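Structural features, examined
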Amino acid sequence: MTRQGGAPGTRPDDDATITIRAVAPNGRGQIQTDEDPTGASTATTSAGASNRRRRNLIIAAALVIGLAGAGIVVGVPWGEGGSSKPSKAEPKTSTVKVVRKDLSDSRSLDGTLGYAKPQAFKGAKDGIVTWLAAAGTTVSRGKELYRVDDRPVPVFYGTVPLYRRLEGRNLVGRDVKVIADNLRALDYDIGSQPSPGHVVTVTTPANNTAPTGGEQDATPGNSASAKPSTSPGKGRADGASPAPQDSGTGPVASPGTATAGTGSPEGAGTVTRVKVKHGDGVLTDKLVQAIKRWQTRMGMPSTGVIAPGDVAVLNGAVRVDSASAQVGDAAAAPLLKVTSTAKAVTVAVDTSQAGSIRRGDPVTVRLPDGASAAGTVAGVGTAAEAPEQGPGPAKMTVTVALKDPDKVKKLDSAPVQVEFVSETRAGVLVVPVTALLALREGGYGLRTADGRVVAVKTGLIAKGMAEITGDGIAEGTSVVTSS
C-alpha cells in the first residue's frame, strides 16, 4: 500500500492515492485500485475528503483480509511516490566440510628483539689497560678481549674462573681442566689426561698456597719436603723427568702424565698424593708444554704458568656491548659490558600469566615486516618487577630463543609480537564459528547440506574455528555456513 502526497499545503492524509497489490503464490492476480490516478489534489470539501479516505481504507482492509484468507501473499509497500524500499539482502550461505585437526588457543604479547641484558666483566689482573675490544665486536675462544700492560687477555670457555696460579707437577683441579679443554679445542696437543680414580703425586711450590683439587690421601707419610728443580722449566737438574711414584693406595698415573711441572721458584715445596675426581684436570708435562707453545704464539712470556687474570673465562663467545673503562685505567676493575652473541626476544608478562608459561614451550614471533619466526621459551624469570611508568601489575621477564637466527640477522633490535599457545586440542572435529546456529531450546547446532539441524556440543573456540561433537556429525560432513 503506497501513499502519495497531495497538493502543496495539504497534509498527506488530506488527499491520497491508495494502491493495493496482492500477489498470489503463482505470481498472478495483481489487484490495483487507484483513486485520482493523476495524483492531483481534488477541490472538495473537508467532509467529502474525509468520507473518501474512510471508504478507501475500508476497501483496502477488506481486500487484504480476503486475499490473505485465500492463501495469497499480500504486499502493502508504503513509500513516497508509490515506490517501495528494497529489503536488506539475506546473508549469503555456502557449505563447508567438517574437518579434523589440532586446534590451539594463543595470546599475543609485545616483545623486544635484541641481545640479552648486558653483563659487567671485571678484570682480575693488576696492571694498566692498553686496549679494549670495540663495541659490537664478537670475541670467541682464543681471541683477545682486552690487553693489560700490552699483553693480551684472551677468552677461554668454562664455568670455573682461574683462582690460583697453575704451576706445580700434576696439579689437580677443575680450573686445570678449563685450560686443558680450551687448548685441546684450539688444536694444541696436550697428551692424555689421567682418568677419574687415578692417584697422582702432586708437587706444590712453596709460594702456591692454593689447595689442590681431587681427594688428598690422608695416610701418614704422604707429605714430604722436596727440593725444587735447579733449572727453571726442568723437572730435574739433568733435564730428565722423574718417574711417577706409586701411592700404594690406588692406580698410578701412566708414565708421561705425572711428570714435573715447570716454573717453580726456588724454595721448599710439598708433595701430596691426590686421587683424580670426575671433572678434574691434571697439569701434566704434556699440558705444560702445550701452555708454553700457546703463550709463545700469543706473545706472552713462555713460562708454562697461568695466573688469575691471564685469561678471561666465560660461558661462551660474547658480544661487546659497551666499555666501562678507558685505555690507561687500572685493569683490576669493571672493564666491559658483554652479552651473548645470539639474539633473543624478551617479553614482560604479568605475574598472573607467567605461571602458565614453561621453559621449552613453542612460540611464534611476528616480525616488523610481517614475517614469522619459530621460537621456544628459553627461560622464565623468577623476580617480579613493578612497571617503570605508573601503576600496574608486576611483570616477569620471559626470554625466547629463535630456532633460525638467520631470519633476524639484519636486525639488532626491533619490537615484535610473540604468540604463546595457552591450550591445544589435538585431533578434534572443527567447523567455522559462522556455521553454528543458536537453538531455541539452548545450545548450538549445525545445518547439514540436506537441511537437517543437528545439535552439537562446542569445545575450544579459537581463531574463528570451533571444536564440535554431535550425533551424525563426522569428518567430511557438509554443513551450511554464512559468508
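What counts, and where the lines are drawn
Residues numbered from 1 in each chain as written. Predicted model: local features only at pLDDT ≥ 70, side-chain atom pairs only at ≥ 80, totals over all residues. Heavy atoms only, no water. Helix = DSSP H or I, 4+ residues; strand = E, 2+ residues; numbered from the N terminus. Buried < 20%, exposed > 50% of the residue type's maximum accessible area, 1.4 Å probe, protein only. Contact = heavy atoms within 4.5 Å. Areas by Shrake-Rupley, 256 points an atom, 1.4 Å probe, with all protein chains shown as cover. Salt bridge = Lys/Arg side-chain N within 4 Å of Asp/Glu carboxyl O. Expected span 1.5 Å × (residues − 1). Pairing = 2+ DSSP bridges. Axes fitted to C-alpha atoms, helices over the stretch in contact; angles between N-to-C directions. Core = buried A, V, L, I, M, F, W, Y, C linked by side-chain atoms within 4.5 Å. Phe/Tyr/Trp six-rings, centres within 6.5 Å; stacked < 30°, edge-to-face > 60°. Lys NZ or Arg CZ within 6 Å of the ring centre and 35° of its normal. Polar contact = N/O pair within 3.5 Å; in protein donor to acceptor, adjacent residues only side chain to side chain.

1. What about the overall build of the protein chain?
Along the backbone of the protein chain there are 4 helices and 30 strands. By residue count, 36% of the 483 residues in the protein chain fall in the buried class. At a minimum sequence separation of 6, the contacts of the protein chain that also span at least 24 residues come to 70%. In the form shown here, the protein chain has an accessible surface area of approximately 26,500 Å², with 52% of it arising from carbon and sulfur atoms.

2. Concerning the pattern of salt bridges
Evaluation of the coordinates by the stated rule reveals 14 salt bridges. Of the charged contacts in the structure, one is a salt bridge between R164 and D175, with a shortest N-O distance of 2.7 Å. Of this pair, R164 sits in the loop between β11 (151–157) and β12 (172–173) while D175 sits in helix α2 (residues 174–185); the two residues are 11 residues apart in sequence, bridging distant segments of the chain. No difference in accessibility class separates R164 from D175, as the two residues are buried. Linking R165 and E167 is a salt bridge whose minimum nitrogen-to-oxygen distance equals 2.8 Å. What makes E167 buried here is its relative accessible area of 1%. Through salt bridges with shared partners, one network takes in E144, R147 and D150.

3. A closer look at helix α3 (residues 285–298)
An α-helix turns once per 3.6 residues; consequently, residues spaced three or four apart project the same way. An ideal rise of 1.5 Å per residue puts 20 Å on 14 residues; α3 measures up with 20 Å between its terminal C-alpha atoms. Those residues of α3 not exposed but buried are L287, V288, A290, I291, K292, W294, Q295 and M298. Elements that come into contact with the buried residues of α3 comprise β10 (144–148), β11, α2 and β17 (281–282). Positioned one or two residues after α3, G299 has a phi angle of 85 degrees, which is positive.

4. Some points on the sheet that holds strand β8 (residues 129–132)
A sheet is described by the order of its strands in space; here 4 strands give the open sequence β8-β10-β11-β18, paired in mixed fashion. Taken across any chain shown, the strands that pair with only one partner, and hence form the sheet edges, are β8 and β18 (312–314). For this sheet, the mean angle separating the axes of adjacent strands, direction not counted, is 25 degrees. Note: β11 against β18, 3 bridges, orientation parallel. Residue F156 lies in a different strand from β18, and its bridge partner there is V313. Packing of α2 onto the sheet brings it into contact with β11 and β18, and relative to β11 it is tilted by some 95 degrees.

5. Notes on the environment of L145
Counting through the fold element by element, L145 comes out in strand β10. Aside from chain neighbours lying at most four places away, what touches L145 is F121, W131, L132, A133, V139, V153, P154, V155, A312, L314, V320 and L336.

6. Quick look at the nonpolar core
Counting 29 residues, the largest nonpolar core has L162, I179, L183, L283, L287, I291 and W294 as the members making the most contacts within it. Looking at this core, the elements that each hand over two or more residues are α2, β13 (199–204) and α3. Take this core: its biggest share by element is 6 residues, from α3. What I179 contacts, discounting residues up to four positions off in sequence, is F156, L162, L166, I291 and I306. Listed in part, the 20 residues of the second largest apolar core include V398, V400, V408 and F420.

7. As for the packing of aromatic side chains
The final tally for this structure, using the stated rule, is 2 aromatic pairs. Taking the centre distance of 5.2 Å and the plane angle of 45 degrees together, the rings of F156 and W294 count as tilted. Within this pair, whereas F156 is found in strand β11, its partner W294 is found in helix α3, the two being separated by 138 residues in sequence. The buried category is assigned to F156, whose relative accessible area is 0%. A relative accessible area of 2% places W294 in the buried class. For R319, the ring lying beneath its charged end belongs to Y115, and the centroid distance is 4.0 Å.

8. Considerations on unusual backbone geometry
Unusually for a residue other than glycine, D187 sits at a positive phi of about 70 degrees. Among the secondary structure elements, D187 is positioned in the loop between α2 and β13.

9. A look at the environment of S302
Within the fold, S302 resides in the loop between α3 and β18. Classification of S302 by relative accessible area gives partly exposed; the value is 41%. Distance from S302 to Q289, taken between C-alpha atoms, is 9.4 Å for residues 13 residues apart in sequence. If near-sequence neighbours (up to four positions away) are discounted, S302 is found in contact with K292, Q295 and T296. One polar contact links the side chain of S302 to the main-chain carbonyl oxygen of K292, over a distance of 3.4 Å.

Scope: geometric values only; no functional claims are made or implied.
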